[in-house]
Amino acid sequence: MSPVARLRRLKPDWLNDPKVWRTEVLAGLVVALALIPEAISFSVIAGVDPAIGLFASFTMAVVISVVGGRRAMISAATGAVALVIAPLNREHGLGYLVAAVILAGVFQVVLGVLGVAKLMRFIPRSVMVGFVNALAVLIFMAQIPEMRDVPWAVYPLIAAGLALMVFFPKVTTVVPAPLVSIVVLTVITIGAAIAVPTVGDKGELPSALPVPGLPDVPFTLETLTTIAPYAFAMALVGLMESLMTAKLVDDITDTRSDKTRESVGQGIANIVTGFFGGMGGCAMIGQTMINVKVSGARTRLSTFLAGAFLMVLCIVFGPVVSDIPMAALVAVMVMVSFATFDWHSVAPATLRRMPAGEITVMVVTVGAVVATHNLAVGVVLGSLTAMAVFARRVARLAEVTAVPDPDGTTVVYRVTGALFFASSNDLVGRFDYAGDPGRIVIDLSAAHVWDASSVAALDAVETKYAQRGKTVEITGLNDPSADLHRRLTGELAGH
């Protein structure tokens, strides 16, 4: 391959195709506009100045666009992170919060290197569907306060914004419909002097770029022990939301992302954010959906520009941005919530075919998220429920059938299925110790021994027969089962 051809391959997509470039730039602008009220709201939750949340969104988006493992995903200040660190800020102040953000970033880098991203393969599909649906519900619920106790004009503005986003793409897709909706509604409210809540009502926008520096805390062991629990909780919540979002974008775009790189990248982004005095963050699912699903972005450029435009809009065009009606942004987020929800998963035909256990897992995930407003809690509880459902289902697959020998001296018990703690607990009660002849064969050729509980159960069966002067022969073990049985048999008595 010639040097020119190699350079051409290394060039990003948006440099090779003007259409892609236009899509990425406009998507970044739409996301930046949507980030402003969100970042300010999350700053209020964390108990910090709005500028802290806006700075965090700027640095997170810019840094992750370079070091992240999932193209077109948006990372910024988030509500989940704000909820985790709010008590620390309330009890110890901003300096401790910033220090915790930096330490959380370090934890995320370490967890990423250790391969925490590989745990994503243990997230069942039903949990993923519940996660997506819960996200859509939370996005919609977050807009409800913006529709309560507001001037009547807010409602027709929201309806007009939704109508524009539904019908404008039928005219052209050159310009993202959410951007058109924001611009049109802003022009209408300013031109007609309609008094409705605006972005400026959420808080004062910053007038200068953030300056890097060290957190204002004593560098002592006491400080470390104070911030470490909050930092670790933030690291786990941030990674879980980011990796789940990355998987969601993978499915939407039919592309794969580097989850390990994303984990490390989230850590680096939080470390940088902390040194710039930001409140930290993680992947933002709502803004990511605006970027990927609504605006059609696919490259790192849109993520970088979302952060860059955010600061430009705040610092250079602050007065104009402050006049954007909240109704326009509410309409965008309502549209995102409807586009995000997996309507097929709740269709009557789907629910009739779906096993009850799968529906239970999905409902538990959604219910936990909506109740706690924490996506991480929902994913953990949903996964635990899925494990319990799976264990119960697999335990029922373990069967024991007896085949007596015609001469009456031997009985063969054929065991089928997976033997583990859930299925082996009642294994001991499946044999006729008193009525069986002197020789018993337990055929495990159609079974697999998974754990010590199963070996202990087999030992208990042998012991019960031995107490009656009868011999037991275990046959048909596959290699892994035979190895486990050989290592543990006879060693578990009394446990």
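Anything mentioned here points back to the structure above.
Residues numbered from 1 in each chain as written. Predicted model: local features only at pLDDT ≥ 70, side-chain atom pairs only at ≥ 80, totals over all residues. Heavy atoms only, no water.

(A) Summary view of the overall build of the protein chain. What the protein chain contains, in helices and strands, is 21 helices and 6 strands. When the backbone C-alpha atoms are referred to their principal axes, the protein chain occupies close to 100 × 65 × 60 Å. With 495 residues in all, the protein chain has 51% of them scored as buried. Sequence-distant contacts in the protein chain: of pairs separated by 6 or more residues, those separated by 24 or more amount to 84%. Working note: accessible area of the protein chain is about 22600 Å², and carbon and sulfur atoms make up 65% of it. Taken as two groups, the 35 positive and 35 negative side-chain charges of the protein chain have centres that lie 8 Å from each other. (Helix = DSSP H or I, 4+ residues; strand = E, 2+ residues; numbered from the N terminus. Buried < 20%, exposed > 50% of the residue type's maximum accessible area, 1.4 Å probe, protein only. Contact = heavy atoms within 4.5 Å. Areas by Shrake-Rupley, 256 points an atom, 1.4 Å probe, with all protein chains shown as cover. Lys, Arg positive; Asp, Glu negative; His and termini not counted. Charge placed at Lys NZ, Arg CZ, Asp CG, Glu CD.)

(B) Structural context of the layout of surface pockets. A volume near 750 Å³ is recorded for the largest pocket. Taken together, 31 residues line the largest pocket, and the ones lying closest to its centre are Glu38, Phe42, Gly79, Leu138 and Ala142. Where the lining of the largest pocket is concerned, the elements lending two or more residues are helix H3 (18-46), helix H5 (79-92), helix H7 (125-143), helix H12 (285-294) and helix H15 (326-340). Residues that form the lining of the largest pocket fall into these classes: 20 nonpolar, 7 polar and 4 charged. Volume-wise, the second largest pocket comes out at about 350 Å³. Along the wall of the second largest pocket there are 14 residues; nearest its centre are Leu119, Ile123, Met240, Val379 and Val380. Where the lining of the second largest pocket is concerned, the elements lending two or more residues are helix H10 (221-253) and helix H18 (375-395). By residue number, the principal contributor to the lining of the second largest pocket is H18, which donates 5 residues. Among the residues making up the lining of the second largest pocket, the classes are represented as 13 nonpolar, 1 polar and no charged. (1 Å grid on protein atoms, 1.4 Å probe; cavity = no way out; pocket = protein on both sides within 12 Å on 5 of 7 lines; lining within 4 Å. Points joined across faces, edges and corners; volume = space filled by probe spheres on them. Nonpolar A, V, L, I, M, F, W, Y, C, P; charged D, E, K, R; others polar.)

(C) Just empty space enclosed by the protein, in detail. In the structure shown here, the tally under the stated rule is 1 cavity of 30 Å³ or more. For the largest cavity, the calculated volume is near 40 Å³. Lining of the largest cavity is provided by Ile64, Ser65, Arg70, Arg71, Ala72, Met73, Ser75, Glu262, Arg300 and Thr303. For the lining of the largest cavity, the secondary-structure elements that each account for two or more residues are helix H4 (50-67) and helix H13 (300-315). Class assignment for the residues of the lining of the largest cavity results in 3 nonpolar, 3 polar and 4 charged.

(D) Layout of the pairing of strand S6 (residues 471-475). Sheet topology places strand S5 (residues 439-449) next to S6; 5 bridges connect them, and they run parallel. Counterpart to isoleucine 440 in the pairing with S6 is valine 472. Regarding topology, helix H20 (residues 452-466) serves as the crossover connection from S5 to the parallel S6, and that connection is right-handed. (Pairing = 2+ DSSP bridges. Right-handed = clockwise from strand over helix to strand, strands pointing away.)

(E) Quick peek at the packing of aromatic side chains. With the rule as written, the count across this model stands at 9 aromatic pairs. Summarising the aromatic geometry, the rings of phenylalanine 107 and phenylalanine 232 are spaced 5.5 Å apart at their centres and angled 90° between planes, so their arrangement reads as edge-to-face. Of this pair, phenylalanine 107 sits in helix H6 (residues 94-113) while phenylalanine 232 sits in helix H10, placing them 125 residues apart in sequence. Judged by its relative accessible area of 24%, phenylalanine 107 is partly exposed. Taken together, a centroid distance of 4.5 Å and an interplanar angle of 45° make the contact between phenylalanine 341 and tryptophan 343 tilted. Of the residues examined, phenylalanine 341 reaches a relative accessible area of 17% and is grouped as buried. Cluster of aromatic residues (ring-pair linked, three or more members): Phe140, Phe338, Phe341 and Trp343. (Phe/Tyr/Trp six-rings, centres within 6.5 Å; stacked < 30°, edge-to-face > 60°.)

(F) Seen up close, the nonpolar core. Counting residues in each nonpolar core, the largest one holds 106 residues, and the members touching the most others are Ile36, Leu54, Phe131, Met279, Ile290 and Leu310. Ranked by size, the runner-up nonpolar core spans 23 residues in total, among them Ala398, Val400, Tyr413 and Leu427. (Core = buried A, V, L, I, M, F, W, Y, C linked by side-chain atoms within 4.5 Å.)

(G) Region of interest: unusual backbone geometry. Positive phi, normally seen in glycine, also occurs at alanine 72, with a value near 75°. Relative to the elements of secondary structure, alanine 72 occurs in the loop between H4 and strand S1 (75-76). You will see that alanine 193, though not glycine, has its phi angle at about 55°, which is positive. Turning to its location among the elements, alanine 193 is positioned in the loop between helix H9 (177-191) and H10.

(H) Structural context of the state of the cysteines. Counted according to the given criterion, the structure contains 0 disulfides. Of the cysteine sulfurs around cysteine 282, a residue in no disulfide, the closest is that of cysteine 314, at 20 Å. The class for cysteine 282 is buried, based on a relative accessible area of 0%. On the basis of relative accessibility, which here comes to 3%, the residue cysteine 314 falls in the buried class. (Disulfide = S-S within 2.5 Å.)

(I) Inspection of the environment of serine 445 at higher detail. As for its position among the elements, serine 445 is in strand S5. Counting along the chain gives 31 residues from serine 445 to arginine 414, while the straight-line C-alpha distance between them is 8.1 Å. Here serine 445 is in contact with Arg414, Thr475 and Gly476, once residues within four sequence places are set aside. Side chain to side chain, serine 445 and arginine 414 meet in a polar contact 3.4 Å long. Separated by 2.9 Å, the side chains of serine 445 and aspartate 443 make a polar contact. (Polar contact = N/O pair within 3.5 Å; in protein donor to acceptor, adjacent residues only side chain to side chain.)

(J) Broad picture of the pattern of salt bridges. In this structure the tally under the stated criterion is 7 salt bridges. Linking lysine 259 and aspartate 250 is a salt bridge whose minimum nitrogen-to-oxygen distance equals 2.5 Å. The residues lysine 259 and aspartate 250 share a single accessibility class, namely buried. Notably, a salt bridge pairs arginine 486 with aspartate 483, separated by 3.1 Å at the nearest N-O pair. Of this pair, arginine 486 and aspartate 483 are both found in helix H21 (residues 479-488), 3 residues apart, which corresponds to roughly one turn of the helix. Looking at aspartate 483, the relative accessible area reads 31%, which means it is partly exposed. (Salt bridge = Lys/Arg side-chain N within 4 Å of Asp/Glu carboxyl O.)

(K) Region of the structure containing H10. When the terminal C-alpha atoms of H10 are compared, their 46 Å separation across 33 residues agrees well with the 48 Å that a helix rising 1.5 Å per residue should span. Maximal helix bending in H10 amounts to about 35°, located at isoleucine 227; proline proline 229 follows within four positions. Directly beyond the C-terminal end of H10, a positive phi value near 55° is found at aspartate 254. (Expected span 1.5 Å × (residues − 1). Bend = angle between axes of the 7 residues up to and from the residue.)

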